[in-house]
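Chain by chain, the residues run as shown.
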Amino acid sequence: MPFHNAFSMPDLQRMADAIRFLSVDAILAAGEGHQGVPLGMAEIATALFAHHMRFDPADPLWPDRDRFVLSNGHGSMLLYALLNLTGYAKISLDEVKRFRELGSHCAGHPEIDLAAGIETTTGPLGQGIANALGMAIAEAQLSAHFGPELVDHRTWAFVGDGCLQEGVGQEVISLAGHLKLGKLTFFWDDNAITDDGATNLSISEDVATRFRVANWHVIEVDGHSIEAVDMAIGLAKLDPRPSLIACRTTIARGLPRLEGQRGGHSGKLFPEDRAAMAEVRGWEGVAFEVPVDIRANWEATAASGKARRAEWQGRLAAMDASYRHEFERVQAGERGTGWRAALHAYKARGAAEGKADFSIQTSGDIAALLYEDLPEIITGCADLEAPTNHKRQLAAFSAENPAGRYIHCGIREHAMGALANGMAAHGGVIPLAVTYLPFCDYERPAMRMAALMGLPVKFVFSHDSIGIGKNGPTHQPVEVLAALRAMPNMLVLRPADAVEAAEAWEIALDHTSGPVSLVFARQALPALRRDGGAENRSARGAYVLAEAEGGARQVTLLSTGSEVAVAMAARELLQAGGIPTAVVSMPCWSLFEAQPRAYRDTVLGPGTTRVAVEAAVKFGWERWIGEHGGFVGMAGFGASGPADQLFKHFGITPEKVAEEARRLLADA
């Protein structure tokens, strides 16, 4: 008997109502919440999970499970109700009763917890559908690499009007349609209501047509007809394009006072509302009580997934041992063995050759080495292949070649960052997102979400300062380093030369508990480090690059990236004047802050005069230079002109650094 006939239509409707009442009960207990989505999309969720979704609550980390993303994350009780009803142990009824309470797995908006069945953190609208795009890309690439015997699953996303009105939504629609990701399906909650009121207050275009012209398969259905949604899903699974199932719904369906109204989104609920809904829906029982037969039906929805998982495990066990080990390695997020040796060899060559090289070119050289030893790296770039130079030997990922490992994201930085998050959340791949540093503002929402979720995404940037020259201040990110450093759980690495670049990449690959921003200059940087050993000096965040000579240290010059060379030249001037001066390279502030105080004191030189130099704003440097320290850098935006002239124009020169140190010594 086909699986989709396992439940009668009256059974399915009662299953949908179980979502409604669990959601309302939890919202009433919490005193707040968003009932519009769980009440309005209950039938859609029932059709999907009862008939099509492939999952097994007994093994929520099964790599070949379908992915479900609630992009309209304010409706989180829909997700928690589904997870509780289908039997995910971490989303127990006690957890549901603690909805929105401190420490509950049922947070106000879904927060990633794969073991609980929560695939990604959603809430900022549009992020979820972009994550879903990344998950679909990861599935397609892994399926091409390992074969459909091991990787063959679908990605489903529930979508609200807000997700489609945010700019990132159009980026996602366009790119997904171009890539023909046929295993990606969106369910649009087309209820014609947003928080402000009717959608016609702010929008008048035909949303479904936006998808059609972007090469999506579009089906428009009654979102409260389980049968209609079920049939639409079946058609979506047969179409090679991504699908939009546009579900016409009524917000807060079943709640007489708020149904179809603006207040249905998140208006205050009262016990009388639940009583009225129970009367209308014919629901009996006290709060949080789901009839035994309905709960049994919901738990039975996992039967197909359980059977498929057992079959999948049999296929995996029958694979060649080396092939199976490689699959299990990438799924576990473990690194192979060759990449570190390749980095160390590159580092040794760079130290021995001692030549100046363009910083972003150096990063591209390193990435090319890593591509060989880490086939799970997938690089996305926002239409800057030539100037960022990280494509190298990689073939383009496309509908015709899903085995490709380079995603041409087009001029879509926001989607690029968020799809990289989705790839990382999916697992099995290491996503890189490459663009210019000034354009990271387009990625910022996604970068924040990567940090919040602890996803190991590698954000790679070039064009990091006024050193880019004649493109002018629009492309000179003087304030961005400070902003990235202020973001919790974001490692920011700005290497000074090729040796530090290799060390930065090693740190980035070892760091799996959060994202990393690797920041490189456009211009050529001189070789400063001539030691090419295995020790990663950058791993401590900062270190003494050049010790003071001719007596006890009087001055400590602190710097990062391209300005470390300026500090080294200033040191020569000060040393020549009889002032013992040390230079500290600080590629990663947060790693340095995590070091023992004794080490930090050794590096910073307590009691010495400190001057920092960086072609960026001062914000944050006070932590390291102290109240009486000096700073040589930018006080405002840049200008258009040759890079060497700009450094002189803004006073970021060895002479100015030495002058500032002498001034502070004289004032001491």
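So, how was this worked out
- Residues numbered from 1 in each chain as written.
- Predicted model: local features only at pLDDT ≥ 70, side-chain atom pairs only at ≥ 80, totals over all residues.
- Heavy atoms only, no water.
- Axes fitted to C-alpha atoms, helices over the stretch in contact; angles between N-to-C directions.
- Helix = DSSP H or I, 4+ residues; strand = E, 2+ residues; numbered from the N terminus.
- Parallel < 35°, antiparallel > 145°, perpendicular 65-115°, else oblique.
- Contact = heavy atoms within 4.5 Å.
- Nonpolar A, V, L, I, M, F, W, Y, C, P; charged D, E, K, R; others polar.
- Buried < 20%, exposed > 50% of the residue type's maximum accessible area, 1.4 Å probe, protein only.
- Polar contact = N/O pair within 3.5 Å; in protein donor to acceptor, adjacent residues only side chain to side chain.
- Core = buried A, V, L, I, M, F, W, Y, C linked by side-chain atoms within 4.5 Å.
- Pairing = 2+ DSSP bridges.
- Right-handed = clockwise from strand over helix to strand, strands pointing away.
- Left-handed = near helix turned anticlockwise from the far one by under 90°.

1. Things to note about the packing of helix α1 (residues 9-30) against helix α11 (residues 271-281)
Here α1 crosses α11 at 170°, and the two axes come no closer than 10 Å. Looking at the two axes, α1 sits roughly antiparallel to α11. Contacts from Gln13, Asp17, Arg20, Phe21, Val24, Asp25 and Leu28 in α1 reach Pro271, Arg274, Met277, Ala278 and Arg281 in α11. Of the residues that constitute the contact of α1 with α11, the class distribution is 6 nonpolar, 1 polar and 5 charged.

2. Here we look at the side chain of Arg274
With respect to the element layout, Arg274 can be found in helix α11. Of the residues examined, Arg274 reaches a relative accessible area of 13% and is grouped as buried. Side chain to side chain, Arg274 and Asp25 meet in a polar contact 2.4 Å long. When near neighbours in sequence (up to four residues on either side) are disregarded, Arg274 contacts Phe21, Val24, Asp25, Leu28, Trp283, Gly285, Val286 and Ala287.

3. Points about the nonpolar core
In this structure, Ile137, Leu181, Phe186, Phe211 and Trp216 are the most contacted members of the largest nonpolar core, which totals 77 residues. Counting residues per element, this core draws most heavily on helix α6 (residues 127-146), at 11 residues. Residues Ala42, Ala45, Met53 and Leu78 belong to the second largest nonpolar core, which totals 65 residues.

4. Brief notes about the pairing of strand β6 (residues 217-222)
As a general feature of sheets, a regular strand has side chains that alternate between the two faces. Note: β6 against strand β7 (residues 243-248), 6 bridges, orientation parallel. Bridge assignment links Glu220 to a residue of β7, and that residue is Ala246. Of the crossover connections in this fold, the one passing from β6 over helix α10 (residues 226-238) to the parallel β7 is right-handed.

5. Here's the deal with the sheet that holds strand β14 (residues 516-519)
What the 6 strands build is an open sheet, ordered β10-β9-β11-β12-β14-β13; its pairing is parallel. Since the sheet does not close on itself, it has two edges, and those belong to β10 (406-408) and β13 (491-493), each with one partner. Neighbouring strand axes in the sheet, compared pairwise and without regard to direction, differ in orientation by 20° on average. Pairing between strand β9 (residues 377-381) and strand β11 (residues 430-436): 5 bridges, direction parallel. Residue pairing for β11: Cys381 is matched across the bridge by Val434. The strands touched by helix α18 (residues 413-426) within the sheet are β9, β10, β11 and β12 (458-462), with β11 carrying the most contacts at an inclination of about 165°.

6. Here we look at the sheet that holds β6
Read from one edge to the other, the open sheet built from 5 strands follows the order β1-β2-β3-β7-β6, with strand pairing classed as parallel. Two strands in the sheet have a free side with no partner beyond their single neighbour: β1 (67-70) and β6. The mean inter-strand angle of the sheet, taken between neighbouring strand axes irrespective of direction, is 15°. Relative to strand β3 (residues 184-190), strand β2 (residues 155-159) is paired through 5 bridges, and the arrangement is parallel.

7. Some details on the environment of Leu545
Residue position: Leu545 is located in strand β16 (residues 543-546). Residue Leu545 is classed as buried on the basis of its relative accessible area of 17%. A C-alpha to C-alpha distance of 7.6 Å links Leu545 and Ala582, two positions 37 residues apart in sequence. Not counting residues within four places of it along the chain, the set of residues in contact with Leu545 comprises Leu528, Arg529, Arg537, Val564, Met568, Val583, Val584 and Ser585.

8. Some words on the packing of helix α15 (residues 338-353) against helix α16 (residues 359-373)
Close contact between α15 and α16 brings their axes to 9 Å; oriented N to C, the two are set at 150°. What the angle tells us is that α15 and α16 run roughly antiparallel. Every pair of crossing elements has a handedness; the one defined by α15 and α16 is right-handed. Of α16, the residues touching α15 (which contributes Gly338, Trp339, Ala342, Leu343, Tyr346 and Arg349) are Thr362, Asp365, Ile366, Leu369, Leu370 and Asp373. For the contact of α15 with α16, the class distribution of residues is 7 nonpolar, 2 polar and 3 charged.

9. What about the side chain of Gln476?
Checked against the element boundaries, Gln476 lands in the loop between β12 and α20 (480-485). In terms of polar contacts, Gln476 uses its side chain to reach the backbone carbonyl oxygen of Gly469, at 3.0 Å. Each residue touching Gln476, except ones within four places of it in the same chain, is listed here: Ser465, Ile466, Ile468, Gly469, Gly638, Ala639 and Leu646.

Any functional reading would require information beyond the geometric quantities listed.
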